[in-house]
Amino acid sequence: MYAYDELDRTLINERVSEFRDQVKRRLSGELTEDEFKMLRLQNGVYLQLHAYMFRVAIPYGTLSSKQLRALARIARRYDRGYGHFTTRQNIQFNWIKLAELPDALADLAEVGIHAMQTSGNNMRNVTSDQWAGVAPGEVEDPRIWSEILRQHTTLHPEFSFLPRKFKIAITASEHDRAAIKIHDIGLRLLKNADGETGFEVLVGGGLGRTPFIGKTIKPFVHGRDILSYVEAILRVYNQYGRRDNIYKARIKILVHELGIEKFSREVEEEWKLMGDVGLTLDHSVVEEVRSRFSYPAYEKLPHMPDELKQAAHDPLFERWRKNSVFPHKVQGYSIVTLSLKPVGGPPGDATADQMDAVADLADKYSFGEIRVGHEQNLCLPHVAKRDLPLLWKALDRIGLATPNVNLVTDIIACPGLDYCSLANARSIPIAQELTRRFANHDTADLIGRLHINISGCINACGHHHVGHIGILGVEKNGEEFYQITIGGRADEGAQMGTLIGPAIPYAEVADVIEDIVEAYLALRDRPEELFVDTVKRLGVEPFKERVYATR
Amino acid sequence: MTSPLEQKKIKLTGPSMVTANRTWDGVVIYRTAQQGWSANLADAAVVRTSDEARALLAESIADDVGAIGAYIAPVDVKDGGKIAPGNLREHIRSEGLTIDLLPVPA
């Protein structure tokens with residue numbers, strides 16, 4: 001966990017007072033909506049279909065149990081008793097009242113949480129690997145660098161009025177769980193030949209109506225230079241990024257139009273011109289930030305405790321353990337994913353009671369720490385293996401032990417037309433129907449790893465382009481239709497999926513996905529061949545034939 | 001169901017109303033014929049021409065303190081004059097979510 005200092009606390013509290021005054025002036029008519037809109041967006045407040053939506057930042061997806069309880073209180077006191085975890089490790093509340101928002105922000109400030117830069121054309125919440133600091137083989141904890149970037153960019157005037165929103169993700173593992181290749185800037189932590197810490201820097205990734213995979217702009221930037229190099233990229237973007245057309249304003253368009261070589265030259269020139277602007281990170285600065293992260297006092301525990309050996313006889317426990325429990329860097333401990341994808345439930349939602357219960361379980365079994373992953377699940381990062389059987393039972397009692405992590409029902413979905421004012425079609429009911437179709441866990445196990453991503457419009461909040469199966473809602477003559485892509489992936493081998501054919505109506509989506517999955521089971525050359533690898537080997541044609549032959 | 005946020009011209013395809021969200025709490029509201037707002041769709045003023053719609057929208061937008069994000073949306077006028085939402089978006093705004101939520105204790 002990162003401990004905020006006095007400066008952070010003052011900044012957050014001042015922001016609450018400022019927003020309280022702004023809301024008061026808005027409600028009295030002193031501020032018009034045109035004047036107020038940017039101010040509310042800078043505090044994470046959107047207007048959606050039914051109400052205001054309030055997006056709260058969870059920097060690099062790390063929460064303390066105290067903070068999670070505060071989020072539960074917000075859900076209970078100011079909303080309808082639940083919240084929605086997003087694909088950028090944030091949480092959204094869908095029914096908040098503008099008049100009560102300052103109080104909600106004040107409650108959050110008490111535990112060091114805020115909503116700054118969760119919206120607007122600025123640097124958004126820096127995201128990272130939900131296993132940061134505990135993943136075996138990690139170069140080092142990427143949250144140190146996420147926090148440095150967060151501190152530098154928060155309320156930075158030069159980054160507060162960018163041409164468009166700007167998203168950075170950082171990973172420090174070979175397997176990319178932070179989806180860095182679909183971010184405006186993706187940072188991969190690595191060591192050079194001299195053992196020095198630095199970053200491979202990628203730029204220009206993103207989804208939306210014009211999707212691009214990020215390109216490497218510099219294979220190694222020393223850690224001490226990362227702030228100045230990122231700033232050089234942002235300066236070039238700020239200068240040349242298009243402000244005349246919202247659809248062409250993201251950095252990915254600039255990188256695409258200039259070409260990565262020219263863009264790279266521009267950044268290098270800017271970087272040189274900047275010279276020493278005080279952004280070089282002294283070792284002591286990095287160590288100061290590092291020192292504010294606390295790590296558990298792990299016990300020396302056996303690799304295979306008796307409790308785990310005994311529990312292994314229970315097939316239900318074993319099923320859950322196999323897809324929800326992951327290796328930890330410390331012997332005797334595990335990382336546990338808590339599925340927020342119950343059969344028939346809205347993906348990523350958690351009730352206030354569930355949040356409170358998870359906070360209690362985190363205190364009991366995970367040193368009071370919780371993580372949020374971009375897959376819209378939670379994670380307990382430090383669970384002793386001996387405690388896994390008891391934890392599993394406790395999670396099962398609160399509906400958070402669905403054994404479907406990384407399987408076909410672990411669906412990523414945006415809020416869609418049930419909530420979102422931008423959506424053309426619904427996402428959540430499609431996800432719910434699919435979880436019912438594939439509710440049999442034996443079938444899901446047989447299918448193996450398969451990521452379905454659903455977006456209710458081209459803005460792609462459900463990351464449909466990079467789903468193994470991507471589902472995009474569109475509108476045709478007032479009706480909901482869905483385009484299906486297959487073969488996408490968001491990890492280190494990130495690529496966009498390929499469209500299989502014409503859009504299909506709402507009522508047929510679940511049937512079509514079943515057809516695609518059945519085709520895969522018939523086509524894979526061995527049970528271990530993942531869906532996405534079968535698509536890579538055979539292309540989309542066999543799947544297309546299966547879907548459209550009878551339609 | 002093109003987003004009303006992308007609405008550029010006023011071109012009616014049938015009977016329409018003006019809807020918005022109430023400023024202080026965000027609740028869905030409808031412009032009434034009495035130049036006020038109601039949370040009940042049945043109270044909405046129905047317009048049938050572009051000029052009527054333009055006028056209704058203009059007076060709705062003028063109430064910047066009371067409402068936010070006013071736009072024109074289609075309605076179905078049933079036999080007997082009962083008003084129903086004219087598309088899925090408005091159905092969801094009027095009737096609520098189409099999904100099952102996680103059970104939340106009362």
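These numbers come from a predicted model, not from an experiment. (Residues numbered from 1 in each chain as written. Chains lettered and ligands numbered in written order. Predicted model: local features only at pLDDT ≥ 70, side-chain atom pairs only at ≥ 80, totals over all residues. Heavy atoms only, no water.)

### Details of the interface of chain B and chain A
Phase 1 of the analysis: Facing 31 residues of chain B, the contacting portion of chain A comprises 48 residues.
Phase 2 of the analysis: Summed over both partners, the interface of chain B with chain A comes to about 3000 Å²; 62% of that surface belongs to carbon and sulfur atoms.
Phase 3 of the analysis: Our count for the contact surface shared by chain B and chain A stands at two salt bridges.
Phase 4 of the analysis: In this structure, the connection of chain B to chain A is made through 13 residue pairs in polar contact (both at pLDDT 80 or more).
Phase 5 of the analysis: Those elements giving two or more residues to the side of chain B that touches chain A turn out to be β1 (16-22), β4 (67-77) and α2 (88-95) of chain B.
Phase 6 of the analysis: Among the elements that line the side of chain B that touches chain A, the one with the most residues is α2(B), at four residues.
Phase 7 of the analysis: Across the side of chain B that touches chain A, the residue classes break down as 17 nonpolar, seven polar and seven charged. (Contact = heavy atoms within 4.5 Å. Buried area = accessible area lost by both parts, 1.4 Å probe. Salt bridge = Lys/Arg side-chain N within 4 Å of Asp/Glu carboxyl O. Polar contact = N/O pair within 3.5 Å; in protein donor to acceptor, adjacent residues only side chain to side chain. Helix = DSSP H or I, 4+ residues; strand = E, 2+ residues; numbered from the N terminus. Nonpolar A, V, L, I, M, F, W, Y, C, P; charged D, E, K, R; others polar.)

### Topic: the sheet that holds strand β11 (residues 325-327) of chain A
All names here are of chain A.
Phase 1 of the analysis: On the basis of which strands lie adjacent, the open sheet formed by five strands has the order β3-β14-β15-β12-β11 and antiparallel pairing. With one partner strand each, in any of the chains shown, β3 (62-64) and β11 form the two edges of the open sheet. Averaged over neighbouring strand pairs, the angle between their axes works out to 30° when direction is ignored.
Phase 2 of the analysis: Here strand β12 (residues 333-338) runs beside strand β15 (residues 378-384); their pairing, made up of five bridges, is antiparallel. (Pairing = 2+ DSSP bridges. Axes fitted to C-alpha atoms, helices over the stretch in contact; angles between N-to-C directions.)

### Brief notes about the nonpolar core
Taken as a class, soluble globular proteins show a tendency for nonpolar side chains to be buried jointly.
Residue and element names in this part refer to chain A.
Phase 1 of the analysis: With 108 residues, the main nonpolar core has F54, L71, W145, I168, V201, I233 and F263 as its most contacted residues.
Phase 2 of the analysis: Top contributing element to this core by residue count: helix α6 (residues 226-240), with nine residues.
Phase 3 of the analysis: Setting aside residues no more than four positions away along its own chain, F263 makes contact with V203, I217, I233, V236, I251, L254, V255 and L258.
Phase 4 of the analysis: Counting 35 residues, the second-largest nonpolar core is a separate cluster that includes A431, I469, I486 and Y548. (Core = buried A, V, L, I, M, F, W, Y, C linked by side-chain atoms within 4.5 Å. Buried < 20%, exposed > 50% of the residue type's maximum accessible area, 1.4 Å probe, protein only.)

### Thoughts on the packing of helix α1 (residues 6-28) of chain A against helix α2 (residues 33-41) of chain A
Residue and element names in this part refer to chain A.
Phase 1 of the analysis: The contact between α1 and α2 brings their axes to 10 Å, and the two run at 155°. Judged by the inter-axis angle, α1 sits roughly antiparallel to α2. You can see that α1 and α2 cross each other, and the crossing is left-handed. Judged by residue contacts, F19, Q22, V23 and R26 of α1 engage E33, F36, L39 and R40 from α2. (Parallel < 35°, antiparallel > 145°, perpendicular 65-115°, else oblique. Left-handed = near helix turned anticlockwise from the far one by under 90°.)

### Some remarks on the pairing of strand β2 (residues 52-56) of chain A
Working note: regular strand, side chains alternate between the two faces of the sheet.
Residue and element names in this part refer to chain A.
Phase 1 of the analysis: In terms of residue burial, β2 counts as a mostly covered element, since five of its five residues are buried.
Phase 2 of the analysis: Of the two faces of β2, the one lined by Y52, F54 and V56 and the one lined by M53 and R55 are each fully buried.
Phase 3 of the analysis: As paired strands, strand β1 (residues 45-47) and β2 are joined by three bridges and run antiparallel to one another. Among the inter-strand pairings, Y46 is bridged to a residue of β2, identified as M53.
Phase 4 of the analysis: Hairpin connection of β1 to β2: four residues between the antiparallel strands.
Phase 5 of the analysis: Two elements, β2 and strand β5 (residues 91-96), share four bridges in a ladder whose sense is antiparallel. Looking across to β5, one finds that R55 is bridged to Q92.

### A word on the state of the cysteines
Here a disulfide denotes one covalent bond, and it connects the sulfur atoms of two cysteines.
All names here are of chain A.
Phase 1 of the analysis: By the definition in use, this model includes zero disulfides over all chains.
Phase 2 of the analysis: Left unpaired, C420 is separated from the closest cysteine sulfur, that of C457, by 5.9 Å.
Phase 3 of the analysis: Judged by relative accessible area, which is 17%, C420 ranks as buried. (Disulfide = S-S within 2.5 Å.)

### Observations regarding the sheet that holds β2(A)
All names here are of chain A.
Phase 1 of the analysis: Here we have five strands laid out as an open sheet, ordered β1-β2-β5-β4-β13, and antiparallel in their pairing. In the strand order of this sheet, the two ends are held by β1 and β13 (349-351), each with one partner. When strand polarity is set aside, the average angle formed by the axes of neighbouring strands in this sheet is 30°.
Phase 2 of the analysis: Strand direction decides the pairing type here: strand β4 (residues 82-85) and β5, joined by two bridges, are antiparallel. By the bridge assignment for β5, F85 is matched with I91.
Phase 3 of the analysis: Along the sheet, helix α4 (residues 101-109) contacts β1, β2 and β5; its crossing angle with β2, the most-contacted strand, is approximately 15°.

### With respect to helix α17 (residues 531-538) of chain A
Residue and element names in this part refer to chain A.
Phase 1 of the analysis: Those residues of α17 that fall on the buried side of the exposure criterion are F531, V532, T534 and V535. Relative to the axis of α17, the buried residues are bounded by an arc of 160° and lie together on one face.
Phase 2 of the analysis: Here the buried face of α17 lies against β18 (469-476), β19 (479-486), α16 (509-523) and α18 (541-548).
Phase 3 of the analysis: Downstream of α17 by one or two residues, G539 has phi in the positive range, about 80°. (Arc of directions from axis to C-beta.)

### Re the environment of P59(A)
Residue and element names in this part refer to chain A.
Phase 1 of the analysis: Counting through the fold element by element, P59 comes out in the loop between β2 and β3.
Phase 2 of the analysis: The spatial distance from the C-alpha of P59 to the C-alpha of N125 is 5.9 Å, given a sequence separation of 66 residues.
Phase 3 of the analysis: Residues within four places of P59 in sequence aside, it is in contact with Y4, N125, V126 and R150.

### Observations regarding the domain arrangement of chain A
Residues and elements named next belong to chain A.
Phase 1 of the analysis: What the domain assignment lists for chain A is domain 1 (6-109), domain 2 (134-291), domain 3 (306-397) and domain 4 (412-548).
Phase 2 of the analysis: One C-alpha centre belongs to domain 1, the other to domain 2, and the line joining them spans 27 Å.
Phase 3 of the analysis: Listed as interface residues are nine residues of domain 1 and, on the opposing side, eleven residues of domain 2.
Phase 4 of the analysis: Overall, the association of domain 1 and domain 2 removes approximately 790 Å² of surface from exposure, summing both partners, and the carbon and sulfur fraction of that is 59%.
Phase 5 of the analysis: At the junction of domain 1 with domain 2, the criterion picks out one salt bridge.
Phase 6 of the analysis: A salt bridge links D8 to R150; the shortest N-O distance between them is 3.4 Å.
Phase 7 of the analysis: Run the count over domain 1 and domain 2 and you get three residue pairs in polar contact (both at pLDDT 80 or more).
Phase 8 of the analysis: When its residues are assigned to classes, the side of domain 1 that touches domain 2 shows four nonpolar, two polar and three charged. (Domains from an automatic or database assignment.)

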